[in-house]
Amino acid sequence: MMRRSIYFLFCYFLIQIQCKNISFINNAILIPIRSKLNSTILTNLTCDDCLCLTAHNSSILALNCYENLSCEFYLRYPRMYKIQSMNNSRLYFLQNIRPQASIPCCMSNTTLLLRKLQNSSNRMISINVNKPRCIVLDESNSLVAVTHTNGVPSYFDRFNPQTLVRLEHIPINASVTTITYYQGRYYIGIDSNETISVFIKDGSTNSLRFITNIKAPTSSAMSGVRDIIFVDNGQTMVVASADNNRLYFFSMRNQTNYQMTRYITVNYGIPHGLFRMNDSFFYVASWTVPSIYAYKYNETTLNWTQTLFATAPPSTHSGSHVLVDDCDRRWFTISGYGIRIYNANGVNIGNWILGSGYFDTLLLDRYVVLLSNPENNKITRIDPQITCDQD
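Residues numbered from 1 in each chain as written. Predicted model: local features only at pLDDT ≥ 70, side-chain atom pairs only at ≥ 80, totals over all residues. Heavy atoms only, no water.

**Student:** Can you explain the overall build of the protein chain? Please cite residues and give values.
**Tutor:** Of the regular secondary structure elements, the protein chain holds 2 helices and 30 strands. Whereas a compact globule of 391 residues would reach a radius of gyration of roughly 21 Å, the protein chain reaches 21 Å, a difference of no more than 12%. Taking the principal axes of its C-alpha atoms as reference, the protein chain extends roughly 70 × 50 × 50 Å. Residues counted as buried form 54% of the 391 residues belonging to the protein chain. Partitioning the intrachain contacts of the protein chain with sequence separation of at least 6 by distance along the chain shows that 50% fall at a separation of at least 24. When the accessible surface of the protein chain is summed, it comes to about 17,400 Å², and 49% of that surface belongs to carbon and sulfur atoms. One finds the centroid of the 33 positive side-chain charges in the protein chain at a distance of 3 Å from the centroid of its 25 negative side-chain charges. (Helix = DSSP H or I, 4+ residues; strand = E, 2+ residues; numbered from the N terminus. Rg over C-alpha atoms; globule rule 2.2 N^0.38 Å. Buried < 20%, exposed > 50% of the residue type's maximum accessible area, 1.4 Å probe, protein only. Contact = heavy atoms within 4.5 Å. Areas by Shrake-Rupley, 256 points an atom, 1.4 Å probe, with all protein chains shown as cover. Lys, Arg positive; Asp, Glu negative; His and termini not counted. Charge placed at Lys NZ, Arg CZ, Asp CG, Glu CD.)

The following block contains the structure:
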């Protein structure tokens, strides 16, 4: 349960003792609806350490304290955010200033948004990356991609999301298929042994440190891991397994490992991209026939029910990934075509023809778009310089 309280802080700065009343919400954190580009992460510090480093700085408005000896502070509040329950965490308002009400939709006019994106060629950056597949943002506000080749090694690449300057290029001695970032860990699908390998970033050596492997039992092994999401505050992991048309469900066994509890065999070809809406609702993108399926958890039957949400026009293209923006629009990345946009009822409300090879899409603040393209060996950033409706 979230509870608002007052924290009475004593911190020693140089030779001066400062006392300060700080309001907080227990077991809660502040999360931007989009990326975490407004925040800064500190690691290997207790919550009190973080408070003592940040509380004297009048520019810092809020602080998330996490259980894993890390914290995250905000110099300005995001326009769109939520306050989410998280056990053993705490959200501090360091200046005792609460954020204004979250603005749910930046630009409601889809036609105008697409026109601005299509006319942003002079604000487009592309870099050469060998076969980049899934792209994610991690807690250091970096863009992370994995490359998938027929041999080894594959690579873990980290970039500045504003400039696409490469920050790291780390080999992985396996053929990889996907990457997901959650709670300080990178979950990477390994093609050769149908495993999800878990890593953390080792800042002292600029390398990935292996934590564990996650596998299903041999009799029901995963085959072709394509995407990974987490629900129930990380208690459940959902995996799209392409080659045997299954969705796998794993339950957290401890903080470093998961155990398979069940799987669903789907009645469509190649479940590919996953997108979490909430703890009882997620989407799956079908690769074979570009379609989006909705899954909702039934509390009565204790099962997940499947419904067809949308199908793209028949073509030779492939359904890759889906995401939902701040205006509740579904962006469906279709390899060989580009992006189709649907409203919450599955009606196609916009199309963006990009050409061949686009695989995954990320949206940053004000609809800055990041795209991976393994067919043409590039990652692209497009800034439409949007003015929100409420600006």
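**Student:** Break down the environment of N141 for me, citing the residues and quoting the values.
**Tutor:** Structurally, the position occupied by N141 is in the loop between β8 (132–137) and β9 (143–147). Given a relative accessible area of 15%, N141 falls into the buried group. Spatially, the C-alpha atoms of N141 and F159 are 9.3 Å apart, while their sequence positions differ by 18 residues.

**Student:** Describe the side chain of T195, listing the residues and the values that go with them.
**Tutor:** Here T195 shows up in strand β14 (residues 195–202). Residue T195 is classed as buried on the basis of its relative accessible area of 0%. Once you skip the residues sitting within four places of it in the chain, T195 turns out to touch I188, G189, I190, N213, I214 and K215.

**Student:** Go over helix α1 (residues 47–54) with me, naming the residues and quoting the values.
**Tutor:** For α1, the set of buried residues is C50, L51 and T54. Taken down its axis, α1 places every buried residue within 100 degrees of arc, on the same side. (Arc of directions from axis to C-beta.)

**Student:** Before we move on, could you go through the sheet that holds strand β26 (residues 338–342) and cite the residues and values that matter?
**Tutor:** Consider a sheet: its strands pair through backbone hydrogen bonds, and that pairing is either parallel or antiparallel. One open sheet holds the 4 strands; their spatial order is β24-β25-β26-β27, and the pairing between them is antiparallel. On the outer flanks of this sheet lie β24 (318–324) and β27 (348–353), each paired with one strand and no other. The mean inter-strand angle of the sheet, taken between neighbouring strand axes irrespective of direction, is 20 degrees. For strand β25 (residues 330–335) and β26, the ladder comprises 5 bridges, and the chain directions are antiparallel. Its bridge partner being in β26, I334 is matched across the sheet by G338. (Pairing = 2+ DSSP bridges. Axes fitted to C-alpha atoms, helices over the stretch in contact; angles between N-to-C directions.)

**Student:** For helix α2 (residues 110–118), give the residues involved together with the corresponding values.
**Tutor:** When α2 is considered as a whole, its buried residues turn out to be T110, L113, L114 and L117. Each buried residue of α2 lies within a common arc of 95 degrees when the element is viewed along its axis, so the set occupies one face. Taken together, the buried residues of α2 touch β25, β26, β27, β29 (369–373) and β30 (378–382). The backbone nitrogen of T111 has a side-chain oxygen 3.2 Å away, supplied by the residue at the start of α2, namely N109. (Polar contact = N/O pair within 3.5 Å; in protein donor to acceptor, adjacent residues only side chain to side chain.)

**Student:** Please provide a residue-by-residue account of the nonpolar core, values included.
**Tutor:** Core analysis: the largest hydrophobic core is formed by 20 residues, its most contacted members being L113, L117, W331, W352 and Y367. Those elements giving two or more residues to this core turn out to be α2, β26 and β29. No other element matches α2, which puts 3 residues into this core. Counting residues in hydrophobic clusters, the runner-up holds 17 residues, among them I172, I179, Y181 and F359. (Core = buried A, V, L, I, M, F, W, Y, C linked by side-chain atoms within 4.5 Å.)

**Student:** Just give me the short version of the pairing of strand β22 (residues 291–298), but keep the residues and values in it.
**Tutor:** In terms of strand pairing, strand β21 (residues 281–286) meets β22 through 6 bridges, oriented antiparallel. When the sheet's bridge partners are listed, F281 is paired in β22 with K296. Taking the residues that link successive antiparallel strands as the turn, the β21-β22 hairpin has 4 residues. The antiparallel hairpin formed by β22 and strand β23 (residues 303–311) contains 4 residues in its connecting segment, where L302 sits at a positive phi of about 60 degrees.

**Student:** Run through the confidence of the model for the protein chain, naming residues and quoting values.
**Tutor:** Confidence in the prediction for the protein chain averages 88 pLDDT; 93% of positions are at 70 or higher. For the stretch residues 9–17, pLDDT sits under 50, and the model shows 20 contacts to residues farther than four places along the chain or on other chains. (pLDDT = per-residue confidence, 0-100.)

**Student:** How would you explain the packing of aromatic side chains if you had to name every residue and give the values?
**Tutor:** On inspection of all chains with the given rule, the structure shows 18 aromatic pairs. Here the aromatic residues F249, F282, Y295, Y297 and W304 are joined through ring pairs into a cluster of three or more. Taking the ring centre of F249 as reference, the NZ or CZ of R262 above it sits at 5.8 Å. One Lys or Arg, R340, reaches over the ring of Y337 and ends 4.1 Å from the middle of that ring. (Phe/Tyr/Trp six-rings, centres within 6.5 Å; stacked < 30°, edge-to-face > 60°. Lys NZ or Arg CZ within 6 Å of the ring centre and 35° of its normal.)

**Student:** Lay out the sheet that holds β23 in plain terms, naming residues and giving numbers.
**Tutor:** Reading across the sheet, the 4 strands line up as β20-β21-β22-β23 and stay open at both edges, with antiparallel pairing between neighbours. Two strands lie at the open edges of the sheet, namely β20 (271–278) and β23, each paired on one side alone. In this sheet, neighbouring strand axes are inclined to one another by 25 degrees on average, regardless of whether the strands run parallel or antiparallel. Sheet topology places β22 next to β23; 8 bridges connect them, and they run antiparallel.

**Student:** Tell me about the state of the cysteines, and name the residues and values.
**Tutor:** Under the criterion given, the structure shown has 4 disulfides. Residue pairing for C50: its cysteine sulfur links by disulfide to C71, the two sulfurs lying 2.1 Å apart. A torsion of -90 degrees about the S-S bond marks the disulfide between C50 and C71 as left-handed. Within this pair, whereas C50 is found in helix α1, its partner C71 is found in strand β5 (residues 70–74), the two being separated by 21 residues in sequence. Residue pairing for C105: its cysteine sulfur links by disulfide to C327, the two sulfurs lying 1.8 Å apart. Sign of the S-S torsion, about 95 degrees for the bond between C105 and C327, identifies this disulfide as right-handed. Placement of the pair is C105 in the loop between β6 (81–93) and α2 and C327 in the loop between β24 and β25, with a sequence separation of 222 residues. A relative accessible area of 16% means that C105 is categorised as buried. (Disulfide = S-S within 2.5 Å.)

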